[in-house]
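# Fold and geometry: a report
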Amino acid sequence: MTTIFITGGAGFIGSHLTQELLKQGTQVISIDNFNDYYDQNLKEKNYELVKQTAKEVNTFYKLYRGDIRDKELIEKIFAENKIDGVVSLAANAGVRPSIENPSFYVDVNLMGLTNLLEACRFHDVKSFVFISSSSVYGNNKKVPFSEKDAVDNPISPYAATKKAGELLCYTYHSLFTMNIACLRYFTVYGPRQRPDLAINKFTRLILEGQPIPMYGDGGTSRDYTYISDIVTGTIQALNYVIQKDKLIYDIFNLGGSHPIILRELINIIAQTIKKEPIIQQLPMQPGDVNTTYSDFSHAKKILNYQPKIEIKEGIAKFVGWYIQEVFSHVN
Ligand SMILES: NC(=O)c1ccc[n+]([C@@H]2O[C@H](COP(=O)([O-])OP(=O)(O)OC[C@H]3O[C@@H](n4cnc5c(N)ncnc54)[C@H](O)[C@@H]3O)[C@@H](O)[C@H]2O)c1
């Protein structure tokens, strides 16, 4: 039976990925430090849901509470478990806070990543999926963004750590014959989305009748990807790097290829909630890119990745979840 080590397993994407792997009969070991970047109770709830799934499907699951920067703990985890592959999700994930505290981002996103790659090196774990981000494209002028485009101009420390992470992965692939896929996620949303991200925040503010801060003229756009599509794409990449007959280093865009402008996003959420939004226009924020737009043809060709959930359907699912699981409990 395959055992996968997932870092950031109590987070938004990590918890969904873990549940899906468990349902497919894959054993999961994970680590999370339950940091306070957002409400830690939400991570505890994610962890409870994952434990429940593991019980229901009767598949082995274990979570270590700790930090990926803790070398001794990482070494202990690799020594205690026979790991077949790693998905590296644990990171400091916000763009704007990275401008306030760049060294913390470098520390977690790169020193933490190095610890994982080193553990793979010494424990002969050959399959690794590194979670990168569309932010590496910076303000790329050419759309849609292709993995072949140069990504030498990240405009936030967060984006720079993701690009540097991809480079570090290449080095380990090249020196230690590791199979590595770097996945550039394009804004991921769905139930349990991080509360600092736009869809979650706007839903809350509209429901509470509070103004929505709209940075710039509302003309910026994002390519949104629904959580189940991201999970499927990530598992496809994992299966790809686990194969033994090929040496792999590859980078894949995982997006939806349908950028939505901010004003339209607000309207879709408001129409779903059936409530008029109050918009407060504010200046553009440094570090924010103007647009993200994925060309996912490479992932489609190699991984068979094909996102299924379009934005209106995804927003309806998110809002339904939010009202039932969050809003009705606090109001
Ligand atoms: N959500 C998106 O739209 C998006 C887009 C592109 C890339 N990503 C990347 O996907 C990954 C997961 O994002 P998410 O939205 O699920 O975020 P999240 O914050 O919900 O999940 C990350 C988890 O990692 C844990 N963590 C952070 N630092 C850690 C450390 N030092 N040691 C152990 N655990 C640690 C956190 O407690 C959290 O539970 C991140 O690498 C992020 O950069 C996310």
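Residues numbered from 1 in each chain as written. Predicted model: local features only at pLDDT ≥ 70, side-chain atom pairs only at ≥ 80, totals over all residues. Heavy atoms only, no water.

Time to look at the site of the ligand. Close to the ligand lie 29 residues; Asp32, Tyr38, Leu89, Tyr158 and Val188 are nearest. Residue Phe12 places a main-chain N or O atom 2.9 Å away from an oxygen atom belonging to the ligand. In this structure, Asn35 approaches the ligand through a main-chain N or O atom, which is 3.5 Å from an oxygen atom. Look at the ligand: alone it shows 820 Å² of surface, and the protein chains cover 97% of it. Elements supplying a minimum of two residues to the shell around the ligand: α1 (12–23), β5 (127–133) and α6 (157–176). Looking at the shell around the ligand element by element, the count peaks at three residues for β5. Here the shell around the ligand is built from residues that sort into 16 nonpolar, eight polar and five charged. (Near = heavy atom within 4 Å. Polar contact = N/O pair within 3.5 Å; in protein donor to acceptor, adjacent residues only side chain to side chain. Areas by Shrake-Rupley, 256 points an atom, 1.4 Å probe, with all protein chains shown as cover. Helix = DSSP H or I, 4+ residues; strand = E, 2+ residues; numbered from the N terminus. Nonpolar A, V, L, I, M, F, W, Y, C, P; charged D, E, K, R; others polar.)

Let us now look at the packing of α1 against helix α2 (residues 40–57). Between α1 and α2, the least distance of the axes is 9 Å, while the angle of their chain directions is 5 degrees. Here α1 lies roughly parallel to α2, going by the angle between them. Contact with α1, carried on its side by Phe12, Ser15, Thr18, Gln19, Leu22 and Lys23, involves Asn46, Leu49, Val50, Thr53, Ala54 and Val57 of α2 and no other residues of that element. Residues that form the contact of α1 with α2 fall into these classes: six nonpolar, five polar and one charged. (Axes fitted to C-alpha atoms, helices over the stretch in contact; angles between N-to-C directions. Parallel < 35°, antiparallel > 145°, perpendicular 65-115°, else oblique. Contact = heavy atoms within 4.5 Å.)

In this section: the sheet that holds strand β11 (residues 249–254). Taken in spatial order, the seven strands of this open sheet run β3-β2-β1-β4-β5-β6-β11, and their pairing is parallel. Bordering the open sheet on either side are β3 (61–65) and β11, each of which pairs with just one other strand. Direction aside, neighbouring strands of the sheet carry axes that sit 15 degrees apart on average. In this structure, strand β6 (residues 179–185) lies alongside β11, joined through six bridges in parallel fashion. When the sheet's bridge partners are listed, Ile180 is paired in β11 with Tyr249. (Pairing = 2+ DSSP bridges.)

Counted by the stated rule, this structure contains 14 salt bridges. Where Arg121 meets Glu118, a salt bridge forms, and the shortest distance between an N and an O atom there is 3.1 Å. Placement of the pair is Arg121 and Glu118 together in helix α5 (residues 102–123), with a separation of three residues, close to one helical turn. For Arg184, the salt bridge identified is with Glu166, shortest N-O distance 2.8 Å. Taken as a pair, Arg184 in strand β6 and Glu166 in helix α6 lie far apart in primary sequence, 18 residues in all. (Salt bridge = Lys/Arg side-chain N within 4 Å of Asp/Glu carboxyl O.)

Every α-helical turn comprises 3.6 residues, leaving residues that sit three or four positions apart pointing alike. Over its 20 residues, α6 extends 28 Å from the first C-alpha to the last, a length consistent with the 28 Å expected when each residue adds 1.5 Å. Those residues of α6 lying buried are Tyr158, Ala159, Thr161, Lys162, Lys163, Gly165, Glu166, Cys169, Tyr172 and His173. Residues of α6 that are buried make contact with α4 (96–100), α5, β5, β6 and β11. Thr177 sits one or two residues past α6 and shows a positive phi near 45 degrees. (Expected span 1.5 Å × (residues − 1). Buried < 20%, exposed > 50% of the residue type's maximum accessible area, 1.4 Å probe, protein only.)

A word on the side chain of Thr59. Relative to the elements of secondary structure, Thr59 occurs in the loop between α2 and β3. Using a relative accessible area of 12% as the deciding quantity, one classes Thr59 as buried. Here Leu22 takes part through its backbone oxygen, which lies 3.3 Å from a polar atom of the side chain of Thr59. At 3.3 Å, the side chain of Thr59 forms a polar contact with the backbone oxygen of Val57. Setting aside residues no more than four positions away along its own chain, Thr59 makes contact with Leu22, Gly25, Thr26, Gln27 and Ala54.

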